[in-house]
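Architecture and fold: a report
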Amino acid sequence: MHSSESRNRRWGRAASSALGCSAGCGRRRGAAALLVPEEMPKGSFVGDVAKDLGCSYLSSAARRHVFDTGRRRYFFLDLGNGHLSMMEQADREEICAAASKCVLNFEILVKRPMNIYKGEVEILDINDNSPSFPERSSVLEISESTAPGTRFPLQKAHDPDIGLNSLQNYECSESNYFTLDVKNGDDGVKYPELILVKSLDREQQTAHNLILTATDSGSPVKSGSTMIQIIVLDGNDNAPEFTQSVYKVTVREDVAVGSRVLQVTAIDRDEGPNAEVKYSFFKIPETFEKTFKLNPESGEIEVTENLNFEEREFYELVVQARDAGGLSSHSKVLIKVVDVNNYIPEIVIMSVFSPVPEDTPQGTVIAIFSVQDRDSGANGEVQCSISESHPFRLEKSFDNYYSVVTTELLDREQVSEYNVTVRAADGGSPPLQSSAVLALRVLDVNDNAPVFAQERYSARLAENNAAGALVLTVRASDADWGQNARVRYRLSEGRVRGAPLSSYVSVQAETGALYALRSFDYEQVRELELWVRAEDGGAPALSSNVSVRLLIVDENDNAPQVLYPPAAPAASLSSGAGWSGVELAPRSSEPGALVAKVVAVDADAGQNAWLSYELAKATEPGLFRVGLHSGEVRTARFPLARDAARHSLVVLVKDHGRPALSATATLSVVLAESVAELLAELGSAADAAAPGEPAGSLTRWLVLAVAAVSCLFLAFLLLLLALRLRRWRREQLLAASSGALRGVPVSHFVGIDGVRAFLAADAAAPGEPAGSLTRWLVLAVAAVSCLFLAFLLLLLALRLRRWRREQLLAASSGALRGVPVSHFVGIDGVRAFLQSYSHEVSLTADSRKSQLRFSGASCCDTLPARPLPDEPAPLLGDENPAVAPPADSATAPVRNGLNNWPFDAKLVSSYEG
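Chains are numbered independently. Their residues run from 1 in the order of the written sequence. The model is predicted, so local features are restricted to residues of pLDDT at least 70 and side-chain atom pairs to those at 80 or more, both for listing and for counting; the totals for chains, interfaces and linings are taken over all residues. Each side-chain value is worked out from all heavy atoms of the structure, with water and hydrogens disregarded.

Some thoughts on the overall build of the protein chain
- Counting its secondary structure elements, the protein chain contains 13 helices and 53 strands.
- Each residue gets one of three labels from its accessible area relative to the maximum for its type: buried under 20%, exposed over 50%, partly exposed in between, using a 1.4 Å probe on protein chains only. Expressed as a percentage of its 913 residues, the buried residues of the protein chain come to 38%.
- The criterion used for residue contact is that any of the two residues' heavy atoms lie within 4.5 Å. Once local pairs closer than 6 in sequence are excluded, the contacts in the protein chain between residues at least 24 apart make up 68%.
- Only the protein chains shown count as cover for residues, and the accessible areas themselves come from Shrake-Rupley with a 1.4 Å probe. When the accessible area of the protein chain is evaluated, it comes to approximately 49,600 Å², of which 54% is carbon and sulfur surface. Numbering of helices and strands starts at the N terminus; helices are DSSP runs of H or I of at least 4 residues and strands are runs of E of at least 2.

Below you can see the structure in the form of structure tokens.
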């Protein structure tokens, strides 16, 4: 045991020295060579792999693994110290048979970082086998007539060892008739032959015994021997002779069982039975007898089982030809097996790195595999390849080891899984191929921001919507996977009309649905510009924004608003001075003459703000007409003498919404040819508010007052009648009961029918009509008389006011005589459009932005600032012409004529320009 341990340490040091000289860890993948003698006991130390390779990370037990490339594991790696030891006793003769060099390969796979190292252990031969002969004794029959010099092959010894430990020499015991000759064959094997040096004489000696000894050169030297008994035969002088001393043939390893390999032929010059030759194998291994069969009659050699070049590529057979007399001869048959490409390359996947993050750097090792082909030569040369369409390439490590590495960055969004097919093809003809599939799954990395389905969104929302109404839904998708693809939505900060944007709209975080939080009014907010952000759930999160434009759609919720004529104030209506909106037109107007224009706007937009005008009501229906879209009031025909001077027109302004909304404007038009006629009509108009008022409103009030007085007087009469009837009934009751009560003292008269009466009360009843009732009647009559007197005084005051106005107008009528009515504007609060007044109205989508444009020629018929020399003095005679500022004849009338224009100064400036 001590000797075995010292030998183990000696071989371990030798192995470590060899490993240190042949391997290095500085390279990407190293190769280690170890030496170990055969038949080392289990657990024997082979070598310190980690120390001798100089790789510190091999000492990590979690990062290495040993692969034996053979079919049987002979080694194991101590995970604690990195020592390689024997797992099983190795017999070199069993593993490698007669091979000159016996090598066992192993691989060490290192993970994190992934790498592989190749190692090999050479099994050294020891002289543990003695040469041995197939039989301990054999018999050789030789005819006495055999000529000297004849050679007789002897069975060879077998020594499984190699080199000096194998068979080296043969020795034979001394004999006067025979000598031993040792030949070296083509295969390097020594073959013993016995040579007859002296003719035999059966009569002198019938048998000879020799001892053949085979020795090796090992330490110590071992040997083996066999007994050869030579029997001398009598007779047959000629032995069969083969046509060839050595037969050679080449056979493919895929030759069919039963096929003929070759035919040996021997000729015997004897005659008769001595010339009949029988063939047989002469002392060949038992395994050869199972592989080949020799026909004893014909000498044909056939294959009896499948050949395998990888197991044995050369066969040496000895064929014996023997005649009936016992004479024989021998010949060699050398059969060489030719390799046929009959093994498919085997792909062994050793490690696969999956799943692979998509941001894995270029050049990262993804998988390691090896390829083996049991054929030899070109048939065993294997070429590996993978599809070029994948972002991977093959790198050969050493021998038949390959690595799969990335050639570019992976993108899971384009390809989430790769099935990489590795193909291996040998160099045979035809080549054999095999393949293996590496399933590589790409691990997602958050490298894609959400992408909206549209570059920008827009939606239309009708105004007056319900709060919480769905506006639209934005959609964003993320090409990533899992949590990295989960998209959430939110609004970007902003303000609308000073209020936060979040008070107007909100977005649902999960679905992207956009809701209106309040009811919108088109007239306040016409559109909203906002941004919606989509953010994924990765770390760090990625986001993108999209613009959303929300257009508020107008609804017809605003009726047209009449700007001209303005509505008359309630106070003026009650006072009777309702001159607002009175227009003047000469009786000589031709059909189509402009009388007035109704101006209206609509706060809505589009079709809802398109206005149309129509004449709803007129004093004389056929005299005036209204422009459908312009609102201009023009004469439809010539005014007739029978037409009333004063006309009331009701114009209906209607928009085009659904349903349509409308408003009305009331115009008063006065027909007059001269100022006198105009003033007379104005006087009559004043009568509508003063002298004519008693016949109208004042008379109506007077009638109402008389009716009220009459009703009050009737009420008092009815009350007086009721009191009289009540008194009469009481007198009847008292008269009926006077007989029963006569003689009863007054002091005893109590409690009858609940009435407490005094006889003195009877004296008050007859005087009551002349007392309280008469007094109430007098008061009523007095009140009615006072009320009637007040109305008479009011009527007298109105008449007096009318008479005074007539006197004033009569005094100034001389100054206005001859002035055309068409020049008469702005007197006594009358707001009148001139006949020659020209204007245009441009209706846009929003009528509130309409502009009024006036032509400069419209000033030609206006009242000039100063009268001509032959014309009367101005209407307002108190103005001093000497101090009046100079004015252009075109602009001064405008300022005088539009003094009471209902619009603002901006409109007047536009008119002056």
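More follows now that the structure is in view.
Considerations on a nonpolar patch on the surface
- Judged by side-chain polarity, Val 706, Phe 788, Leu 789, Leu 792 and Leu 793 come together as a nonpolar surface patch covering roughly 450 Å² of accessible area.
- Sort the elements by how many residues they give to the nonpolar patch and helix α11 (residues 769–816) lands first, with four residues.
- As for its placement among the helices and strands, Phe 788 is situated in helix α11.
- For Phe 788, a relative accessible area of 41% corresponds to the partly exposed category. The patch calculation keeps residues exceeding 30% relative accessible area without a salt bridge and links them within 9 Å when they carry like charges or within 5 Å when they are nonpolar (Val, Leu, Ile, Met, Phe, Trp, Tyr). By salt bridge we mean one thing: a side-chain nitrogen of Lys or Arg within 4 Å of a carboxyl oxygen of Asp or Glu.

Points about the environment of Leu 719
- Turning to its location among the elements, Leu 719 is positioned in helix α8 (residues 697–736).
- Given a relative accessible area of 46%, Leu 719 falls into the partly exposed group.
- Separated by 58 residues in sequence, Leu 719 and Leu 777 place their C-alpha atoms 9.7 Å apart.

Some remarks on the sheet that holds strand β21 (residues 300–303)
- Strand order across the open sheet formed by three strands is β17-β21-β20, with antiparallel pairing between neighbours. Looking at strand neighbours, the two that pair on one side only are β17 (260–263) and β20 (292–294), the edges of this open sheet. Across this sheet, the average inter-strand angle for adjacent strands is 20°, counted without regard to direction.
- As paired strands, β17 and β21 are joined by three bridges and run antiparallel to one another. Looking at the pairing, Gln 263 lines up with Glu 300 of β21. One bridge is not enough; two strands pair if DSSP finds at least two bridges between them. An axis is simply a line fitted to the C-alpha atoms; with a helix, the fit covers only the stretch in contact. Between two such axes, the angle follows the N-to-C directions and lies from 0 to 180 degrees.

Comments concerning the sheet that holds strand β42 (residues 543–553)
- Strands sit in the order β33-β42-β41-β36 across an open sheet of four strands; the sheet is mixed. The strands lining the two open edges of the sheet, one partner per strand, are β33 (456–462) and β36 (488–491). When the angles between neighbouring strand axes are averaged without regard to direction, this sheet yields 30°.
- In this structure, strand β41 (residues 527–535) lies alongside β42, joined through nine bridges in antiparallel fashion. When the bridges of β42 are listed, Glu 529 appears paired with Arg 549.

Considerations on the side chain of Arg 92
- Mapped onto the fold, Arg 92 is located in helix α3 (residues 92–96).
- In this structure Arg 92 touches Glu 38, Ala 97, Ala 99, Cys 102, Ile 123, Leu 124, Asp 125, Pro 160, Asp 161 and Ile 162, once residues within four positions along its chain are discounted.

Side note on the state of the cysteines
- Note that a disulfide, as used here, is simply two cysteine sulfur atoms within 2.5 Å. One pass over the structure, following the stated rule, counts one disulfide.
- The residue that forms a disulfide with Cys 96 is Cys 102, at a sulfur-sulfur distance of 1.9 Å. What sets the handedness of the Cys 96 and Cys 102 disulfide is the S-S torsion sign, and at about 65° it is right-handed. Exposure class is identical for Cys 96 and Cys 102. Each is buried.

What to know about the pairing of strand β11 (residues 178–184)
- Pairing of β11 with strand β12 (residues 190–196), which is carried by seven bridges, proceeds in the antiparallel orientation. Each bridged residue has a counterpart across the sheet, and for Lys 183 the counterpart in β12 is Tyr 191.
- The hairpin formed by β11 and β12 contains five residues between the paired strands, and Gly 188 there has a positive phi angle of roughly 85°.

Describing the side chain of Asp 643
- Summarising the element assignment, Asp 643 is placed in the loop between β49 (632–635) and β50 (646–655).
- Classification of Asp 643 as buried rests on a relative accessible area of 3%.
- Engagement of the side chain of Asp 643 in a polar contact is seen with the side chain of Arg 637, the distance being 3.2 Å.
- With residues up to four places along the chain from it excluded, the contact list for Asp 643 reads Arg 587, Glu 620, Leu 623, Arg 637, Phe 638 and Leu 671. A 3.5 Å cut-off defines polar contacts: any pair of N or O atoms within that distance qualifies, except that in protein one atom must be a possible hydrogen donor and the other a possible acceptor, and neighbouring residues in sequence count only when both atoms are side-chain atoms.

Considerations on unusual backbone geometry
- With an omega of 0°, the peptide bond between Ser 219 and Pro 220 qualifies as cis.
- The omega angle of the peptide bond from Arg 658 to Pro 659 is -5°, so this bond is cis rather than trans.
- The topology assignment puts Pro 659 in the loop between β50 and β51 (662–671).
- A positive phi angle, close to 60°, is found at Glu 39, a residue other than glycine.
- Structurally, Glu 39 can be placed in the loop between β1 (31–37) and β2 (45–48).
- Judged by relative accessible area, which is 27%, Glu 39 ranks as partly exposed.

Structural notes on the pattern of salt bridges
- Enumeration over the complete set of coordinates arrives at 23 salt bridges.
- Across the pair Glu 93 and Arg 92 runs a salt bridge, and its minimum N-O distance is 3.7 Å.
- On the basis of relative accessibility, which here comes to 12%, the residue Glu 93 falls in the buried class.
- Salt bridges sharing common partners tie together Arg 151, Asp 181, Lys 183 and Glu 193.

Observations concerning the packing of aromatic side chains
- By convention, a stacked pair of Phe, Tyr or Trp rings (six-membered ring in the case of Trp) has centres within 6.5 Å and planes under 30 degrees apart, an edge-to-face pair has planes over 60 apart, and any other such pair is tilted. In this structure the tally under the stated criterion is ten aromatic pairs.
- Measuring from centroid to centroid gives 5.1 Å for Phe 292 and Tyr 315, while their planes differ by 80°, and the two rings are edge-to-face. Note that Phe 292 is positioned in strand β20 and Tyr 315 in strand β22 (residues 314–323), a separation of 23 residues in sequence.
- For Tyr 315, a relative accessible area of 6% translates into the label buried.
- Between Phe 369 and Tyr 402 the ring centres are 5.6 Å apart and the planes differ by 15°, which places this aromatic pair in the stacked class. Placement of Phe 369 in strand β26 (residues 365–372) and of Tyr 402 in strand β29 (residues 401–406) is noted, with a sequence separation of 33 residues between them.

A few points about the pairing of strand β31 (residues 433–443)
- Burial along β31 is one-sided: Ser 434, Ala 436, Leu 438, Leu 440 and Val 442 are buried, and none of Gln 433, Ser 435, Val 437, Ala 439, Arg 441 and Leu 443, which face the opposite way, are.
- Connecting strand β30 (residues 417–426) to the antiparallel partner β31 that follows it, the hairpin turn spans six residues.

A look at the environment of Val 319
- With respect to the helices and strands, the residue Val 319 is situated in strand β22.
- In this structure, the C-alpha to C-alpha distance between Val 319 and Phe 282, residues 37 residues apart in sequence, is 5.5 Å.
- When neighbours within four sequence positions are excluded, Val 319 is seen to be in contact with Phe 242, Val 264, Tyr 279, Ser 280, Phe 281, Leu 294, Ile 301, Ser 329, His 330, Ser 331 and Val 333.

Re the environment of Ser 351
- Position of Ser 351 among the secondary structure elements: in strand β24 (residues 346–352).
- Separated by 15 residues in the primary sequence, Ser 351 and Ile 366 have C-alpha atoms spaced 8.3 Å apart.
- For Ser 351, the residues in contact, after removing those within four places along its chain, are Leu 109, Lys 111, Met 114, Ile 366, Ala 367 and Ile 368.

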